[in-house]
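Chain and residue survey
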Amino acid sequence: DQQVKQNSPSLSVQEGRISILNCDYTNSMFDYFLWYKKYPAEGPTFLISISSIKDKNEDGRFTVFLNKSAKHLSLHIVPSQPGDSAVYFCAASDRGSTLGRLYFGRGTQLTVWP
Amino acid sequence: DTGVSQDPRHKITKRGQNVTFRCDPISEHNRLYWYRQTLGQGPEFLTYFQNEAQLEKSRLLSDRFSAERPKGSFSTLEIQRTEQGDSAMYLCASSFSGNSNEQFFGPGTRLTVL
């Protein structure tokens, strides 16, 4: 049962343009969302997060938007750079639970070309 | 380097053998997680420790798997009688209990069962 879904396995964007990665979730108990970036042969690296009490969080070139009613979030990267090419994972958790496990989507491979 | 470390980075074994992996979390983090990632999937939760207590185990963690965190610091994950289906990347993550749930991942151990 995939509670976090990333329906686009890949995305290709030209350098300097905006990259938009999408994520949907099904569990209404999720209240904290994270994006991770993963390069080959490395573990996921934390990128940005958002609490369900917000609808936007920005950090430099990265902005995450949350639409709770649609159970949808997106990551915007502006401007995109070739070094952003990686697999991006969306993750969610229920902080009301003491367990803290993350539920991950299957990832989106972003390729930024010059 | 004060990040999460894992050892070994790669392990090739024959079916039926036992293997053990080690994870050293970030020193001030009291939570430690094990995840498994297979090709084309996001990380899947296996088990979670708060200090030395193992608080949750996924149903993915069959009775051939055991994890320990004896002194609330490093953790080991053992797989007995390995099967080819155990081939995966095993990821360890750590975090500090609080309002956020930002987990920091190690580089992973790539297991190949022949």
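Refer to the preceding data block for the structure.
Residues numbered from 1 in each chain as written. Chains lettered and ligands numbered in written order. Predicted model: local features only at pLDDT ≥ 70, side-chain atom pairs only at ≥ 80, totals over all residues. Heavy atoms only, no water.

Observations regarding the overall build of chain A
What counts here: In DSSP terms, a helix is any run of H or I states spanning at least four residues, a strand is any run of E spanning at least two, and both are numbered starting from the N terminus. Throughout, radius of gyration means the C-alpha value; the globule benchmark is 2.2 Å times the number of residues raised to the power 0.38. When accessible area is computed with a 1.4 Å probe and restricted to protein chains, residues below 20% of their type maximum are described as buried, those above 50% as exposed, and intermediate ones as partly exposed. Only heavy atoms enter the contact rule, under which two residues are in contact if any of them lie within 4.5 Å.
Of the regular secondary structure elements, chain A holds 0 helices and 11 strands. Written out in order from the N terminus, the α and β elements of chain A read β-β-β-β-β-β-β-β-β-β-β. Since a compact globule built from 114 residues should have a radius of gyration of about 13 Å, the 14 Å found for chain A is in line with a globular shape. Over its C-alpha atoms, taken along the principal directions, chain A stretches across nearly 45 × 30 × 20 Å. For chain A, with 114 residues in total, the buried portion stands at 47%. Long-range pairs, those at least 24 residues apart, make up 55% of the contacts in chain A between residues at least 6 apart in sequence.

What to know about the nonpolar core
Stated precisely, the cut-off is as follows: The term nonpolar core refers to a set of buried residues drawn from Ala, Val, Leu, Ile, Met, Phe, Trp, Tyr and Cys, joined through side-chain atoms within 4.5 Å.
Ranked by size, the top nonpolar core spans 23 residues in total, and within it Phe 33, Trp 35, Leu 73, Leu 75 and Tyr 88 of chain A carry the most contacts. For this core, the element with the highest residue contribution is strand β9 (residues 86-93) of chain A, accounting for 4 residues. One finds Val 19, Phe 49, Ile 79 and Leu 111 of chain B within the second-largest nonpolar core, a separate group that totals 19 residues.

Side note on the sheet that holds strand β6 (residues 56-59) of chain A
Residues and elements named next belong to chain A. Quick reminder of the rule: The pairing criterion for strands is at least two bridges between them, as found by DSSP.
Read across the sheet, 5 strands follow the order β1-β3-β8-β7-β6 without closing on themselves; strand pairing throughout is antiparallel. The sheet is open, and its two edges are formed by β1 (4-5) and β6, each paired on a single side. Bridge count between strand β3 (residues 19-25) and strand β8 (residues 72-77): 6 bridges; the pairing is antiparallel. Paired with Asn 22 across the bridge in β8 is Ser 74.

Some remarks on the environment of Pro 44 of chain A
Assignment of secondary structure puts Pro 44 of chain A in the loop between β4 (32-38) and β5 (45-51). Each C-alpha atom of the pair Pro 44 of chain A and Val 87 of chain A lies 8.9 Å from the other, and the pair is 43 residues apart in sequence. If we ignore the near neighbours within four places in the chain, the residues touching Pro 44 of chain A are Tyr 36, Lys 37 and Lys 38 of chain A together with Pro 43, Leu 91 and Phe 105 of chain B.

Remarks on the interface of chain B and chain A
Heads up, the rule is: By definition, the buried area sums, over both parts, the 1.4 Å-probe accessible area that each loses when the two are put together. When a carboxyl oxygen of Asp or Glu lies within 4 Å of a side-chain nitrogen of Lys or Arg, that pair is called a salt bridge. Contacts described as polar in this section are N or O atom pairs within 3.5 Å, which, within protein, must combine one atom able to donate a hydrogen with one able to accept it, while residues neighboring in sequence count only if both atoms come from side chains.
Facing 22 residues of chain B, the contacting portion of chain A comprises 21 residues. Taken together, both faces of the contact between chain B and chain A bury some 1800 Å²; the carbon and sulfur share is 53%. Counting across the chain B and chain A interface gives 1 salt bridge. Here Glu 56 of chain B makes a salt bridge to Arg 101 of chain A, at a shortest N to O gap of 2.5 Å. Here chain B and chain A share 7 residue pairs in polar contact (both at pLDDT 80 or more) between them. Mapped by element, the contributors of at least two residues to the side of chain B that touches chain A are β4 (31-37), β5 (44-50) and β6 (53-57) of chain B. When residues of the side of chain B that touches chain A are assigned to their parent elements, the largest contribution, 4 residues, is made by β4 of chain B.

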